[in-house]
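Residues per chain, in single letters:
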Amino acid sequence: MNNVLLLNADWSPMQVLSWERATGLVLDEKVSVVADYARQIRSPSFVMPWPAVVTLKRYVRIKLSVGMTRRNVLARDRFTCQYCSMRPCTARGRPLLELLTIDHVVPRSRAVQGRVVLPWTGMRVGVGAWENLVASCIRCNQRKGARTPRQAGMPLARYPTTPSYTMMIAIALAEFRIPKEWRPFIPEETWRRL
Ligand SMILES: [Zn+2]
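These remarks concern the structure in this document. From a predicted model like this one, the values you see are computed outputs, not experimental measurements.

Rules behind the numbers
- Residues numbered from 1 in each chain as written.
- Predicted model: local features only at pLDDT ≥ 70, side-chain atom pairs only at ≥ 80, totals over all residues.
- Heavy atoms only, no water.
- Pairing = 2+ DSSP bridges.
- Helix = DSSP H or I, 4+ residues; strand = E, 2+ residues; numbered from the N terminus.
- Axes fitted to C-alpha atoms, helices over the stretch in contact; angles between N-to-C directions.
- Contact = heavy atoms within 4.5 Å.
- Donors = N, O, S within 2.8 Å, 3.2 Å for Na, K, Ca; no water.
- Salt bridge = Lys/Arg side-chain N within 4 Å of Asp/Glu carboxyl O.
- Buried < 20%, exposed > 50% of the residue type's maximum accessible area, 1.4 Å probe, protein only.
- Disulfide = S-S within 2.5 Å.

In this section: the sheet that holds strand β2 (residues 13–17). Across the sheet, which stays open at both edges, the four strands sit in the order β2-β1-β4-β3 with mixed pairing between neighbours. Either end of the sheet is taken by a strand with one partner, and the two such strands are β2 and β3 (31–42). Going across the sheet, the axis of each strand differs from the next one's by a mean of 30 degrees, ignoring polarity. The pairing of strand β1 (residues 4–7) with strand β4 (residues 47–56) spans three bridges and is parallel. Bridge pairing links Leu 5 to Val 53 in β4. Across the sheet, helix α1 (residues 19–27) lies against β1, β2, β3 and β4, angled at about 120 degrees from β3, the strand it touches most.

This paragraph deals with the coordination of the zinc ion. Coordination of the zinc ion by the protein involves Cys 81 (SG), Cys 84 (SG), Cys 137 (SG) and Cys 140 (SG), with metal-donor separations of 2.3 Å. Positions of the donor residues of the zinc ion along the chain correspond to the pattern C-x2-C-x52-C-x2-C.

This part covers the side chain of Gln 82. Relative to the helices and strands, Gln 82 resides in the loop between α2 (70–76) and β5 (100–104). Excluding residues within four positions of it along the chain, Gln 82 makes contact with Asp 77, Val 134, Ala 135, Pro 155, Leu 156, Ala 157 and Arg 158.

Looking now at the pattern of salt bridges. Under the defined criterion, the tally for this structure stands at four salt bridges. Note that Arg 158 is salt-bridged to Asp 77, the shortest N-O span being 3.7 Å. With a gap of 81 residues between them, Arg 158 in the loop between α4 (149–152) and α5 (165–173) and Asp 77 in the loop between α2 and β5 connect regions that are remote in the sequence. The class for Arg 158 is partly exposed, based on a relative accessible area of 34%. As a salt-bridge pair, Lys 180 and Glu 181 come within 3.4 Å of each other at their nearest N and O atoms. Residue classification places Lys 180 among the exposed positions, given a relative accessible area of 61%.

What follows is about unusual backbone geometry. The phi dihedral of Ser 85 falls on the positive side, at around 70 degrees, and the residue is not glycine. Looking at the element boundaries, Ser 85 is found in the loop between α2 and β5. Ser 85 gets classed as partly exposed once you look at its relative accessible area, which sits at 49%.

Take the state of the cysteines next. Counted by the stated rule, this structure contains zero disulfides. Between Cys 89, a free cysteine, and Cys 84, which holds the nearest cysteine sulfur, the sulfur-to-sulfur gap is 13 Å. When its relative accessible area of 35% is taken as the criterion, Cys 89 is described as partly exposed.

Structure, rendered in structure tokens:
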């Protein structure tokens, strides 16, 4: 709570800032406040509305991107096993990351010079590329072993892809509770599913 969503000058989402960092940018006139929480920040020298969403005054050529980490692959797949659709979570609905693994769809043992051919597109990609990794529960991963989905008779819920821009936003925001003040500025599917 009280985090601030930073938008580029074209209002595309960029990242989440702490309120301290965002307030500094407001005071330095680097950003404009476009939405605030219904409360104030009070210090001995100023009182200001608590910013919820700010935009950069000058466009920066930095595209939002997310690194290819285990967590981000799981987030792309909505923390759901891509073979059996199980989504391990706590009673409060938080995903249990430790019950999920990353499966190499085309197994590493089939890689030639670190690359594999994806049977569904014919594309040759790195064995550890977004397009060859999926979230899998431990049981499915063990059952599949060093086989392709076809060999194992375990079809994928969907073929893995490099995240789209909308997916990148969703992944970048996956660990945050999305306050209602942010919702007009991010794609609906980003927060509806959280
Ligand atoms: Zn599974």
